[in-house]
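A look at the structure
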Amino acid sequence: MGEKYGKGHHAVLNKGEENEMEIFGYRTEGCRKTLCIAGYVFSCGILPLVFYWRPAWDVWANCIPCTLREADVVLLRTTDEFQIYSRKKVMWIYLSALDSSVGLTPDHPLIADEDCIINRAIMKPDLKVRCIQVQKIRYVWNNSEEQFQKVGCLEDWFTSAKIHLKFGSGLTREEQEIRRLICGPNAIDVEITPIWKLLIKEVLNPFYVFQLFSVCLWFSEDYKEYAVAIIIMSIISITLTVYDLREQSIKLHRLVESHNSILVTVCRRKEDIQEVESRRLVPGDLLSLSGNKMQLPCDAILIDGGCVVNESMLTGESIPVIKTALPKVGDTMPWKLHGQEDYKRHVLFCGTEVIQTKSAGSGTVRAVVLQTGFNTAKGDLVRSILYPKPVNFRLYRDAVRFLLCLIGTATIGMVYTVCVYVLSGEPAEDVVKKALDVITIAVPPALPAALTTGIIYAQRRLKKNGIFCISPQRINICGQLNLVCFDKTGTLTKDGLDLWGVVPSDRNGFQEVHSFSSGSALPWGPLCGAMASCHSLIVLDGTIQGDPLDVKMFEATKWEIEISGKDFHIRGVPTQAIIVKPNQASCQIPVGGMAILHQFPFSSALQRMSVIVQEMEGDQMVFMKGAPERVASFCQPDTVPSNFTSELQVYTTQGFRVIGLAYKRLEAYHHITALTREKVESDLIFLGLLILENSLKEETKPVLEELTSAHIRTVMVTGDNLQTAVTVAKKSGMIAENLRVILIEANEASGSSPASVTWKLVEDRKYLSYRHQDNYINIGEDASQVRDEEGSFHFAMTGKSYQVISQHFSSLLPKILINATVFARMSPGQKSSLVEEFQKLDYFVGMCGDGANDCGALKMAHVGISLSEQEASVASPFTSKASNIECVPRLIKEGRAALVTSFCMFKYMALYSMIQYIGVLLLYWKTNSLSNYQFLFQDLAITTLIGITMSLNGAYPKLVPYRPPGRLISPPLLLSVLLNVLFSLVMHMLGFILVRQQPWYSATDVFSACSLPRANISRTTASPMIPGKADPDNFTSYENTTIWFLGTLNCIIVALVFSKGKPFRQPIYTNYIFVFVLAIQMGVCLFLLFANIPGLYHRMDLICTPTSWRIYLVIMLAVNLILSLVVEEAIIENRALWLAIKRVFGYQSKSQYRKWQRVVASEAAWPPLNHTSYSDRPESARGVSYSNPVFESHEETS
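The rules behind these values
Residues numbered from 1 in each chain as written. Predicted model: local features only at pLDDT ≥ 70, side-chain atom pairs only at ≥ 80, totals over all residues. Heavy atoms only, no water. Helix = DSSP H or I, 4+ residues; strand = E, 2+ residues; numbered from the N terminus. Buried < 20%, exposed > 50% of the residue type's maximum accessible area, 1.4 Å probe, protein only. Contact = heavy atoms within 4.5 Å. Pairing = 2+ DSSP bridges. Axes fitted to C-alpha atoms, helices over the stretch in contact; angles between N-to-C directions. Phe/Tyr/Trp six-rings, centres within 6.5 Å; stacked < 30°, edge-to-face > 60°. Parallel < 35°, antiparallel > 145°, perpendicular 65-115°, else oblique. Left-handed = near helix turned anticlockwise from the far one by under 90°. Nonpolar A, V, L, I, M, F, W, Y, C, P; charged D, E, K, R; others polar. Salt bridge = Lys/Arg side-chain N within 4 Å of Asp/Glu carboxyl O. Core = buried A, V, L, I, M, F, W, Y, C linked by side-chain atoms within 4.5 Å. Patch = residues over 30% accessible without salt bridge, like charges linked within 9 Å, V, L, I, M, F, W, Y side chains within 5 Å. Areas by Shrake-Rupley, 256 points an atom, 1.4 Å probe, with all protein chains shown as cover.

**Some details on the overall build of the protein chain**
When its secondary structure is counted, the protein chain shows 37 helices and 43 strands. Here the protein chain holds 1198 residues, and 54% of them are scored as buried. Considering only contacts in the protein chain between residues 6 or more positions apart, those separated by 24 or more positions represent 72%.

**Focus: the sheet that holds strand 8 (residues 137-142)**
Each strand in a sheet pairs with its neighbour through backbone hydrogen bonds, running either in the same direction (parallel) or in the opposite one (antiparallel). Taken in spatial order, the 4 strands make up an open sheet running 6-7-8-9, and their pairing is antiparallel. Where the open sheet ends on each side, the last strands, each with one partner, are strand 6 (91-94) and strand 9 (147-150). With direction set aside, neighbouring strand axes in the sheet form an average angle of 40 degrees. The sheet contact formed by strand 8 and strand 9 spans 4 bridges and is antiparallel. Its bridge partner lying in strand 9, Tyr-139 is registered against Lys-150. Of the strands in this sheet, strand 6, strand 7 (128-134) and strand 8 touch helix 7 (residues 173-183), which is tilted by about 110 degrees from strand 8.

**Thoughts on the environment of Thr-489**
Examined against the element boundaries, Thr-489 turns out to sit in the loop between strand 21 (483-486) and strand 22 (498-506). A C-alpha to C-alpha distance of 8.1 Å links Thr-489 and Asn-694, two positions 205 residues apart in sequence.

**What to know about unusual backbone geometry**
For the bond running from Lys-1062 to Pro-1063, omega is 10 degrees, close enough to zero to count as cis. In this fold, Pro-1063 is placed in the loop between helix 32 (1038-1058) and helix 33 (1072-1091). Phi is positive for Asp-683, close to 50 degrees, though the residue is something other than glycine. Here Asp-683 is to be found in the loop between helix 21 (677-680) and strand 33 (685-693).

**Here's the deal with the sheet that holds strand 19 (residues 365-371)**
Strand order in the open sheet formed by 6 strands is 11-10-12-19-14-17, and the pairing between neighbours is antiparallel. The sheet is open, and its two edges are formed by strand 11 (273-277) and strand 17 (347-348), each paired on a single side. Relative to strand 19, strand 14 (residues 299-304) runs antiparallel, the two sharing 5 bridges. In the strand pairing of strand 19, Asp-304 is matched with Arg-366.

**Regarding the packing of aromatic side chains**
As enumerated under the stated definition, the model contains 27 aromatic pairs in all. With a centroid separation of 4.3 Å and 15 degrees between ring planes, the pair formed by Tyr-843 and Tyr-1153 is classed as stacked. Of the two residues, Tyr-843 is situated in the loop between helix 26 (828-840) and strand 40 (845-849) and Tyr-1153 in helix 37 (residues 1152-1161); the sequence distance between them amounts to 310 residues. Residues Tyr-843 and Tyr-1153 agree in their burial class; the two are buried. Within the aromatic cluster, the residues linked to one another by ring pairs are Tyr-802, Phe-823, Phe-838, Tyr-843 and Tyr-1153.

**Some remarks on the packing of helix 30 (residues 971-996) against helix 32**
With their axes 10 Å apart at the nearest point, helix 30 and helix 32 run at an angle of 155 degrees to one another. Relative to helix 32, helix 30 is oriented roughly antiparallel. The two elements helix 30 and helix 32 meet at a crossing, and its hand is right-handed. Seen from helix 30, the contacting residues are Ser-976, Asn-980, Ser-984, Met-987, His-988, Gly-991, Phe-992, Val-995 and Arg-996; seen from helix 32, they are Tyr-1038, Glu-1039, Thr-1042, Ile-1043, Leu-1046, Gly-1047, Asn-1050, Val-1054 and Phe-1058. Taken together, the residues that form the contact of helix 30 with helix 32 break down as 8 nonpolar, 8 polar and 2 charged.

**Concerning the pattern of salt bridges**
If you walk through the whole model with that rule in mind, you get 26 salt bridges. Residues Arg-461 and Glu-894 are paired through a salt bridge, measuring 3.0 Å at the closest nitrogen-oxygen approach. One end of the pair, Arg-461, is in helix 15 (residues 447-464); the other, Glu-894, is in helix 28 (residues 887-924), with 433 residues separating them in the sequence. Given a relative accessible area of 6%, Glu-894 falls into the buried group. Members of the salt-bridge network, linked through shared partners, are Lys-907, Lys-1060, Glu-1128 and Glu-1133.

**Considerations on the nonpolar core**
Counting 88 residues, the largest nonpolar core has Tyr-226, Tyr-908, Ile-942, Ile-946, Met-950, Trp-1044 and Phe-1045 as its most contacted members. Broken down by element, the residue count for this core peaks at 20 residues, all from helix 28. Not counting the four nearest positions on each side in its chain, Ile-942 is found in contact with Tyr-908, Phe-937, Thr-1048, Cys-1051, Ile-1052, Gln-1081 and Cys-1085. In this structure, Leu-492, Ala-710, Ala-729 and Ala-824 belong to the second largest nonpolar core, which totals 45 residues.

**Let's talk about the environment of Leu-1123**
Positionally, Leu-1123 belongs in helix 35 (residues 1107-1132). Taking C-alpha positions, Leu-1123 is 9.6 Å from Leu-979, a pair spaced 144 residues apart along the chain.

**Things to note about the pairing of strand 8**
Most of strand 8 sits inside the fold, with 5 of its 6 residues counted as buried. Judged from the 4 bridges that link them, strand 7 and strand 8 form a sheet pairing that is antiparallel. Residue pairing for strand 8: Gln-133 is matched across the bridge by Arg-138. The turn linking strand 7 back onto strand 8 is made up of 2 residues, and Gln-135 within it adopts a positive phi angle of 50 degrees.

**Side note on the packing of helix 29 (residues 932-949) against helix 33**
Relative to each other, helix 29 and helix 33 sit at 160 degrees, their axes nearing to 9 Å. Considering their axes alone, helix 29 and helix 33 lie roughly antiparallel with respect to each other. The handedness of the crossing between helix 29 and helix 33 comes out as left-handed. Along the contact surface, helix 29 presents Phe-937, Ala-941, Ile-942, Leu-945, Ile-946 and Thr-949, while helix 33 presents Ile-1073, Phe-1074, Val-1077, Leu-1078, Gln-1081, Val-1084, Cys-1085 and Leu-1088.

**Brief notes about the pairing of strand 19**
Along strand 19, 5 of the 7 residues are buried, which leaves the element largely enclosed by surrounding structure. Where strand 12 (residues 286-289) and strand 19 come together, 4 bridges link them in antiparallel fashion. Bridged to Ser-288 within strand 19 is Arg-366.

**Some words on a nonpolar patch on the surface**
A contiguous nonpolar surface patch, about 600 Å² in accessible area, is contributed by Phe-219, Val-228, Ile-231, Ile-232, Ile-235, Ile-236 and Leu-240. Counting residues per element, the nonpolar patch draws most heavily on helix 10 (residues 224-257), which supplies 6 residues. Tracing the sequence through the fold places Ile-235 in helix 10.

**A word on helix 20 (residues 644-652)**
Most of helix 20 is tucked away: 7 of the 9 residues are buried. For helix 20, the complete set of buried residues consists of Phe-644, Glu-647, Leu-648, Gln-649, Val-650, Tyr-651 and Thr-652.

Shown next as structure tokens:
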């Protein structure tokens, strides 16, 4: 679209981000607008309704394309597969609205500086700004770059030095006023949507508009009873929906309400500090943080001092996080890219709680406002709830296609009806009514509601089991899951860690293990000092709080922790510093304690943390703690034992959590501000290994075994050590004991060496060391016997290797992912990326995590299951109250049951409409139809009750090793519908033809078949039809009675046939209510068939027929039932038959992962064990892959 009108007409908003959109410029055109208004009037409101459903059509009809610079309306289109359009009006912000005391002119210094997007957006000399508001975010038109750009945040290109220089003294009042006007208030406003708005939005749903059309038609035909019933059901449905939406709106409003009314202290340039409402904050404001606890109302960059923050709102973990000030360095790199540290270590996020502040020297803790309103971390979380990612599931696309087929069928019926009634000389009004009737018969208004009943019941069952769902449409997708990613710590393993021991090291190698189980304290030395000080613990309300690992490590030293007061005077130690010292019982320790001067906090990306400490009256020292491999890389090589790797493997292969420790003494006294992290973390002395136990949860192994037996792939995605992860995978059953593990190591390009990837076989060998440890993992050298009769293996890799392969060996990635089971040392971003890569292979991916660092992956997955009840879990579709993975198979079972229920309901509703359609068209041939009470009985007493109760079957307790079909338009389902329609058509036509051939049949005398006294009949039955002229209000005929009984009982039969039980739902006999309803309905219908009650027959517009004919009808229905059951069981539900048919016709699944598995199976040279491939070699990208039989479900469906 953009290319047609030139480059200026089209642009991309938020390029590369999750909410990326295309934007097109349009200008309103007077003549078009006038024509559209006329169309609104002449179409009686239909045209504006269509434009409401299709905003793109509204823009194309009213406007002409133009450049974005000239546009007064923009059309937005999402760049994902949904291509959703939205229309936005371009608005103007006038700076003349500012207080006259500001005195702005086009050449005023405040707006002449074009270093900020805000100033570039101001049009001169008019002093106005063009903007649009999209999903709560404001975008302004950048005049110099000619594009819409986001405001409400500081520019990413600012350097650290620039931030300190430009905002370190605060903003002037004039700057604040300009920014406040352009950026808008710092508020996450989620209004409680008025009921009338929710009502209008719900009523304008196409489904309810179609129902309104149907109801109006029925009232015009005096079909009041069912019309009233549909109105009542619609009112109940709308009321419940509006109530739910209103409750969600209120909950979300309460969630963010307190955010908008926080008092904060702001420093203004050339003025004193001032206390203001958080709504008035703007990007660039300078906040002064006191020692009191406070909720952060914005994202801010810490520039002075330090903070301890509770980020449970973001991460799901209530572990305090230490924030450090942004260094004031003079390089030219953007502040986010400066140094190796994760920039988030300097950012205080909105919604998190500052629980402690620590000033640098005598100054205050200060932070520069980075982002406001919906641009903040909390704002982004709220927006993800307000604007969830649409569910892309083939079932819903197929449902729309099937509805279109029904509409096509209805169109054929309309043409047939018009022809029959016009040729019969019927009035035009009756012809139109009868033709429109066909639409409401072929496309039942209750169809969409019936499809959701299974989901509603499944959601209730999940809630009873402690699984809460905020996106009910995803329950059906749960039934298609064939791969589940699990976080390790806190998900597969227990949260708590037990300190098993420490392995000291010196230049001679590793020493004997010091075990803490005996209760003996570690003797004083650098190793003890590292355990006592290298942590991020704080004292809060008299208790030590922090990471569980840090707490266990510190408690093992039996030292104490306190905060230095004002009377604490030691050279170089600031007030409010953390002091660690031995307790009174440890009198043999020669040091009085240590003061922690500075911390370089732990980062997932860096895999380490460091502290600078000072001994009481002693030297300054540096301690480091982290992943053993990373710690060793910062140490002097001669201090790292030669058997480091093998010693590490001794413990990691047993599933222990292993931490490396190192230290060094600083040669001379340094002021901590003069020390960079690079300088501090160099030439360290390796101290040893800290060993912690992290055992599996009791539920983990049975659940993983259940998933594996159901041929659902399980993958571990963790931030822990690779060897530990592999061992946990084996212990949990994720990797079977008889299967081998191949380690994939990839390295970035360095110097003249290109990026490389190596495959190494990891072997389990029984090995007795001097510590009597076994299960020593060794890299196998002999690859000759890799493909034995078991011949299957799993890949394991680190996040670093995954990143390198993604960037340099992208063609290898799909082949690797087919067999990859363990991903270790994965950052949160890499977890999200991995989930997305699995989705590209057409896997239906579930992600289960405890909320910490998993939020991105939980949102990215088809089904995200959070085991955390913290606020962070609101972005996850499912939240489990129980903190174990038992919820995963339960969710899959319920998803499969709901999916099968949706198919059953769809088939039933399609058959019900086709049965009525066939019956009515046959009667139209004689210019007859069903009466209102006959329709009412079928619609209300039969179909509505079946629709409510048919979905009550619970999930089958066992997971079978294949999934239900994920598509409506699939051969088995279509064949089932078509054959049953054919059976119904044949049965109805036989009844229609045979009844006319009976000796007692008469077209004019409807009493010819009965021997009732004439007087009784004349009093209770309407007068006979006059030949050649049909009475529009008289439906009684032998054809009518025959067709109605056949159709009504057939509706009950197909409900019985389509109500599937095993293997995905509980058997039909467990659904007591449904069985009871079917029995009652069948009994009532048979009673009506054989009753011969004149008054009842008159009310139902039925007539008496001979008993022999009624028996013929029962026989026809019985034959239909037997045929339907045989076809359904022997053909439609015969999985072996369909697999055989696929093999005969050579059908192969089109899913990407199946294609790769076929490629893999045909190659014998994969993987190239003990071989290194380089990215500059073309052949490295043309590798082959290997199929892992353990994940083959032997199902050919995608």
